[in-house]
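# Descriptive structure summary
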Amino acid sequence: MCLTRDRWMCLTAGGGDRMWSCYRDGLFPKKKKEEKEAVTFPAINNGPTSLCQRTNRKGHDTKLKEESNITNQLRYSLPLLQTDNPPKNPYLEDKITDTLHQGLFFKVKAAKALHKYGRTIDDSQLLRSIEAEDEDKEKRVTDTSLSVRSNKNHVDKRSENKLPGTHLLCGTMTNEVQRKKEPQCLVEEKRFMVYICGGYKDTVAERSVLLENVYPRLYLYCKQRGYDFRMVDLRWGVGTPAAERHDTVELHVENLQLCQGSQGPNFILFVGQKYEVQSLPSTITREAFEAIIKVVERDRQQMPGNKPMEDLPASGSQSSITTDSSSDSFIQGSIYGSYLNFGEQATYSGLLSQSSHNSFSEGDMARHSFVGAKSLGDLEKDLTLLQMYYKMDENCLPPVYRLALISCHHPDSLSMDSERRRQARKDWSTACHRLCGILQRSAVEALGQEQASLLLRTILDWEVETGLQSVDGAPPEEHCHCYKRVIPDLYFNLNNEHITQYIDLLKGQAQLDPVLSTAHQKFMDRLHEKLRHTNIYERNVGWGRKGLNPKHNRSHKFYTERISSHFQRTVINSLNKVMKVNKTQGPYDTVRREAVRVQIQEEIQLHVDYGLHLAKGCTLRQAFLADVKKAVEQSRTRLILLLGPPGWGKSTSMAAVAQLAPSWLSGAVKILVHFIGFTGESRNVRLVLQRLCVQLAEIYRPHTQLSEGLPQLINEFHSLLGLVGTERHLVVLLDGLDELSEEHCADLSWILTPLPLNVHLIVSATTDSPCTHTLQSAHPMVLSLPPISPDDIKAALETKLRTDQRCLQEHQWQLLVQACLSCPCPLYLEAAYSESTLWTSYSPQASLSLPASPQGLYLTVLARLERELGRQLVRRTACLISISRWGVTEEELLDLLAQDVGVLQEVTSYHSFSSHPRVPYVLWARLKRALGRHLTEVRTDATWVYRWTHSELSRVCIKHYLTDDSRMALHADYAHYYRDKSQHTDIFQPLAWTLDEVEDGGGVTKSYRFNLRKLHGLPYHLVHSGQILPFLSECIFNYEFLLHKAWGLSVLDIEEDLKKAVLPDK
């Protein structure tokens, strides 16, 4: 493997025709009676492993044949539509549409042509594009996708992976001019995410039945095939969408965009006959707001003393809603400019819900109705209200007028007293209601109808505009579906007490609101323009005495069952097109070897991507990197140890060393990097050594047979190091040795042995940690990371502000700089800057403070989140993440939150959510968004888990929230979750997901996808909760559990579990 000096190469664990394999023998399952058989695995062998790899040529040929058939069908059908007398075949267009749904390489152009189907259709261009696509098939390159996610783009998106120095893990650097590049190892995300949206009130029945009935089935379907599945509904269980920071729209759009990052269907829309909740803009451009103010001031000046104004057109809840139907866009370019791009600036979030309207008394409506300001006093109140709730924030570039936090004018909105909180939120709804009227009344004259139509948008408008966009070149029909519900007899029941949940009426009258009805109709017209009719499914259902109520109405139950069945079929058909289920033929040994090979390959690539991300952001400590270069050049056999306190930037420095090391040494240079603690598997010293040996064997001795046990791996590791020649260099970087878990007592003896010539071993650890004292016995060359210099601190902060298009007031800048100078470490700088993004130019100076340590800053963040989201919710979530084994999945977290009575009581009262036995997903989504870079999502145990980005936050949470007893109780909750025998245990927490597969010869075999979360988590939490007897009975002496763990993992994992239970401190 040779590359130029400005490139890194990635060593995959399964390159060429080799793959990692392992054998064990000595354990044979006993055959039980067929009706009682739980699992039938073959023997587990004990022996060496080898490296090999196979390709699925048959599947590739089948795919090419299928694409060829699709192309031929379209070549036949499309010319028929070009003739002067096209055949009168009503099914021809549908046939072409179905054909298009089977292909992927020409969908965009074909969909556009079919959209204009009729006498004006021009299919010659489409035919040429098909022929061009045939020629380009062999030239396609699949983009690399990063398999690690973090809030606030913690790890870059797939497009940013194409950077100089693309391959980090293992590479060669030589002086040769011509190089042959190896393809980068790709890690498939293996996750499907579907975003569900609809009206807050009128689509509850449809959305609820999907989450309660269809979601478990689809989850099981995907798990059986090795994929994760998630349905995101931010409206489920929500009583009011109001948010303290007015970020509801951004929250919805960001989650939708996250779902669009996965393959398959990702946007499901439910619409009825009611217009959606409107929202106040959280920011308005300076020019637009000042124009509105001028209009209000002019009207006030023109108003004589007490002479009433001419009445404006009235409509029950809104006076005028202007929507531009001339455009096919839900959200058009406007005066708001870049603020419509989420991720740059907030746009809309202050919300008006139906519940807030209904909370007004008749007197309130009379006093605060914004049908029209009829006196000078009303105009003065309008002007005061605008200037009180909207303040110019000069910390944004350019400056904007920002909607104040709810608690700024209504402090009791965050009160612990439920009555005071309810009254404060009612007052906020009143003010929000009137602000909406002021903006509607003045925006048309101030900005023009087109721009005013964008001022008050619904959440559904934003979702539909984002969801119906093309994704990766595919038209909306590939990933979007809409269910349109029509209640024909709705207009004959306008006096029903539940009618306002399904249609818009004038206040206090059994008459349709003409403005809102017109707005809804225009919304539907735009929807039909953006999405083909083949993806809009219209269903009729009759009205019931209690509205749409499947629990008490048989016809409504039948309706929701039809919706569920159709939705399930639609999603499964779409998923089958993109699923890559590799059927490994042969005995179970072959299946297990393939699974292990894929796991190691993915693990290697995860560290590659993480190193790329860290190295790209390394701009500090250039002088220290020069010291490391000098040490590498001088030290031929000595261990190099980088030391620093927690959060001192050790991982980033190690990634930078990996990038620069090839230029420090002459000749060919191989680089291996491992970030211990980044994934769960990287915390086990045996698995770390296993990965290193696999990579070394691939470089220096392919087809080498490797062991699994730690003592054998240590011997093989040193033997492989001895193969490094005198004319080439090997650099091994191990970051965060103190993050190794308790397995094998974090044995470091393999590091303390003298190194062969030209082998450079660079490790990092926390100052004064136990592993540091152990490493000192090897007499390493120690390099201590220095504090960040003042110049570097100021330069880093200026760069961040410039990137985010922000600035700070002078006193704010001085506060931030002085705080970073008092604690000059990268972790504190990142956390302090993150807090400063919440500052506005009008924030009271007395309210601004930054503690002097990362621990204090973390406590400040937790306290703020407790005030805004609830103490019980934040405490429970932080503790569950902190004591988890290698992180927690979303399914685990939401279920464990629901087991806490205090959390459910707080959710019901504090947040005014509907009474449900589960925590609404939107609460977790808000907390996840508020945590930002402090929280990371990474792939572990063959699924996706959330963990703290830095382990220091875990230590802070445990110290702040937990005692020894409460910590054991939390471990017991985890264990109870894995042991639970509820109705959905076989779906969410079995020992393995099984699937019957039909072989080519007609036989049926069982495939197993082992639940590594349960196989690892149950014994871990039983031991740490002190439940030794259940641990012995349910794990160590449970035949079924042992068999699953031995085959899904290895016998060594069982031995490690047993050693945990007999440790003296356990």
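Residues numbered from 1 in each chain as written. Predicted model: local features only at pLDDT ≥ 70, side-chain atom pairs only at ≥ 80, totals over all residues. Heavy atoms only, no water.

## Some details on the overall build of the protein
Looking only at helices and strands, one finds 38 helices and 22 strands in the protein. Going through the 1066 residues of the protein one by one, you find that 58% of them count as buried. For the protein, contacts bridging at least 24 residues in sequence account for 79% of all contacts bridging at least 6. Here the protein displays about 45400 Å² of accessible surface, and carbon together with sulfur accounts for 51% of that area. (Helix = DSSP H or I, 4+ residues; strand = E, 2+ residues; numbered from the N terminus. Buried < 20%, exposed > 50% of the residue type's maximum accessible area, 1.4 Å probe, protein only. Contact = heavy atoms within 4.5 Å. Areas by Shrake-Rupley, 256 points an atom, 1.4 Å probe, with all protein chains shown as cover.)

## Quick notes on the environment of N496
Counting through the fold element by element, N496 comes out in the loop between β12 (480-486) and α15 (514-530). Sequence-wise, N496 and G544 are 48 residues apart; in three dimensions their C-alpha atoms are separated by 9.6 Å. If near-sequence neighbours (up to four positions away) are discounted, N496 is found in contact with W543, G544 and R545. A distance of 2.8 Å separates a polar side-chain atom of N496 from the backbone nitrogen of H498. (Polar contact = N/O pair within 3.5 Å; in protein donor to acceptor, adjacent residues only side chain to side chain.)

## Observations regarding the pattern of salt bridges
Using the criterion set out here, one finds 45 salt bridges in the structure. One salt bridge connects D461 with R457, and the closest N-O pair in it is separated by 3.7 Å. A salt bridge links E866 to R871, with the shortest nitrogen-to-oxygen separation between them at 3.9 Å. Classification of E866 as buried rests on a relative accessible area of 17%. What emerges from the salt-bridge pattern is a single network uniting R191, R230, E890, K928 and E937. (Salt bridge = Lys/Arg side-chain N within 4 Å of Asp/Glu carboxyl O.)

## Re the pairing of strand β4 (residues 191-198)
Counting buried positions along β4 gives eight out of eight residues, so the element sits mostly inside the fold. Across the two faces of β4 the burial is the same, with R191, M193, Y195 and C197 and F192, V194, I196 and G198 all buried. Pairing of β4 with strand β5 (residues 228-232) involves five bridges; the strand directions are parallel. By the bridge assignment for β5, Y195 is matched with V232. In the classification by handedness, the crossover that spans β4, the intervening helix α5 (residues 204-223) and the parallel β5 is right-handed. (Pairing = 2+ DSSP bridges. Right-handed = clockwise from strand over helix to strand, strands pointing away.)

## What to know about helix α28 (residues 871-883)
In a regular helix each residue adds 1.5 Å, so 13 residues correspond to 18 Å; α28 covers 18 Å between its end C-alpha atoms and thus fits that length. Within α28, 11 of the 13 residues are buried, which leaves it mostly tucked inside the rest of the structure. Every buried residue of α28 is accounted for by L873, V874, R875, R876, T877, A878, C879, L880, I881, S882 and I883. (Expected span 1.5 Å × (residues − 1).)

## Comments concerning the sheet that holds strand β6 (residues 267-271)
Pairing in this open sheet of five strands is parallel, and the strands run β5-β4-β6-β12-β13 from one edge to the other. Edge positions in the open sheet fall to β5 and β13 (536-540), since each of these has one partner strand only. In this sheet, neighbouring strand axes are inclined to one another by 15° on average, regardless of whether the strands run parallel or antiparallel. Bridge count between β12 and β13: five bridges; the pairing is parallel. Within β13, the residue paired with V486 across the bridge is N540. (Axes fitted to C-alpha atoms, helices over the stretch in contact; angles between N-to-C directions.)

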